[in-house]
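Chain residues, written in single-letter form:
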Amino acid sequence: MGVDDELANALELHQAGDLLAAGAIYREVLAQDPDNVDALNLLGVIMHAAGDLELAVELISRATELAPDFVPALINLGNALQAAGRPDDAVKKFERALELDPGAGIAASNLASALNDLALHEEARQAGERAVQLIAELPDAHVNLGNALLGLGRSEAAQAKYMAALEQDPHHPGAWFNLGNAHAD
């Protein structure tokens, strides 16, 4: 089995939720090809999910060094950086992803989230509106926009965004939590 076949198998396992088996295959691929961008990126995603944020940042950073225009890796690196408490660094990665792919709605949504973490709510509102325009069916885009609006003191507008998220995913915990905060506001 070649590296491409191994990666395809690992990705299938990864998408099915078998992260342990997928991670083992990504590691095997990296043992054969230490600069395999896909394996670095995807193993980093698994490490993020496992809570090893330092290793996640290290792996995905290596992937973006090798392929600086690889938008999914930039988004994944931004996610890991934000989870590691580095929202300012995450903002830079999400912005770069959007420079490379202006239609990357997930990057815009995640940018709004990181900007909210930095209390830059007006900038987060702009990114959130862009995200909702690009990928209206993403509940997180509505939640991140709602969080920006709530940060700007616009609780009724925020409530509408949380409700939009809940229409798409009635069990979205962030939408429920933040809707409660907006009502309390």
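Residues numbered from 1 in each chain as written. Predicted model: local features only at pLDDT ≥ 70, side-chain atom pairs only at ≥ 80, totals over all residues. Heavy atoms only, no water.

K.L.:
Hey, could you run me through the overall build of the protein chain in this one?
P.N.:
If you tally the helices and strands in the protein chain, you get 11 helices and zero strands. In sequence order, the protein chain lays out its α and β elements as α-α-α-α-α-α-α-α-α-α-α. Taking 2.2 N^0.38 as the reference for a compact globule, 185 residues should give roughly 16 Å; the C-alpha atoms of the protein chain span a radius of gyration of 18 Å, in line with that estimate. The buried share of the protein chain, reckoned over its 185 residues, is 48%. Within the protein chain, residue pairs in contact and separated by at least 24 positions form 45% of the contacts whose partners lie at least 6 positions apart. (Helix = DSSP H or I, 4+ residues; strand = E, 2+ residues; numbered from the N terminus. Rg over C-alpha atoms; globule rule 2.2 N^0.38 Å. Buried < 20%, exposed > 50% of the residue type's maximum accessible area, 1.4 Å probe, protein only. Contact = heavy atoms within 4.5 Å.)

K.L.:
Explain the packing of helix α4 (residues 53-66) against helix α5 (residues 71-83) here, please?
P.N.:
Helices that pack against each other are described as a pair by the angle of their axes relative to one another and the distance between those axes. Viewed as axis vectors pointing N to C, α4 and α5 meet at an angle of 155°, and their least axial separation amounts to 9 Å. With respect to α5, the element α4 is oriented roughly antiparallel. Handedness of the crossing formed by α4 with α5: left-handed. Taking contact as the criterion, the partners of Leu53, Ala56, Val57, Ile60, Ser61, Ala63 and Thr64 in α4 are, on α5, Ala73, Leu74, Asn76, Leu77, Ala80, Leu81 and Ala83. Across the contact of α4 with α5, the residue classes break down as 11 nonpolar, three polar and no charged. (Axes fitted to C-alpha atoms, helices over the stretch in contact; angles between N-to-C directions. Parallel < 35°, antiparallel > 145°, perpendicular 65-115°, else oblique. Left-handed = near helix turned anticlockwise from the far one by under 90°. Nonpolar A, V, L, I, M, F, W, Y, C, P; charged D, E, K, R; others polar.)

K.L.:
Got a minute to help me understand the nonpolar core in this structure?
P.N.:
A general feature of soluble globular proteins is that nonpolar side chains tend to end up buried together. Formed by 58 residues in total, the largest nonpolar core has its most connected members in Tyr26, Leu111 and Tyr162. Residues contacting Tyr162, with those up to four places away along its chain left out, are Val143, Gly146, Asn147, Leu150, Ala175, Asn178, Leu179 and Ala182. (Core = buried A, V, L, I, M, F, W, Y, C linked by side-chain atoms within 4.5 Å.)

K.L.:
Could you clarify how one ought to interpret unusual backbone geometry in this entry?
P.N.:
In terms of backbone geometry, most residues other than glycine have negative phi values and most peptide bonds are trans. Phi is positive for Ala119, close to 60°, though the residue is something other than glycine. Of note, Ala119 is situated in the loop between α7 (105-117) and α8 (121-134). Judged by its relative accessible area of 51%, Ala119 falls in the exposed class.

K.L.:
Please explain the packing of helix α10 (residues 155-168) against helix α11 (residues 173-184) as it appears in this structure.
P.N.:
Look at α10 against α11: their axes get within 9 Å of each other, and the N-to-C directions meet at 160°. Classified by the interaxial angle, the pair formed by α10 and α11 is roughly antiparallel. For the pair α10 and α11, the crossing hand works out as left-handed. Across the interface between the two elements, Ser155, Gln159, Tyr162, Met163, Ala165 and Leu166 of α10 pack against Ala175, Trp176, Asn178, Leu179, Ala182 and His183 of α11. Broken down by class, the residue content of the contact of α10 with α11 amounts to eight nonpolar, four polar and no charged.

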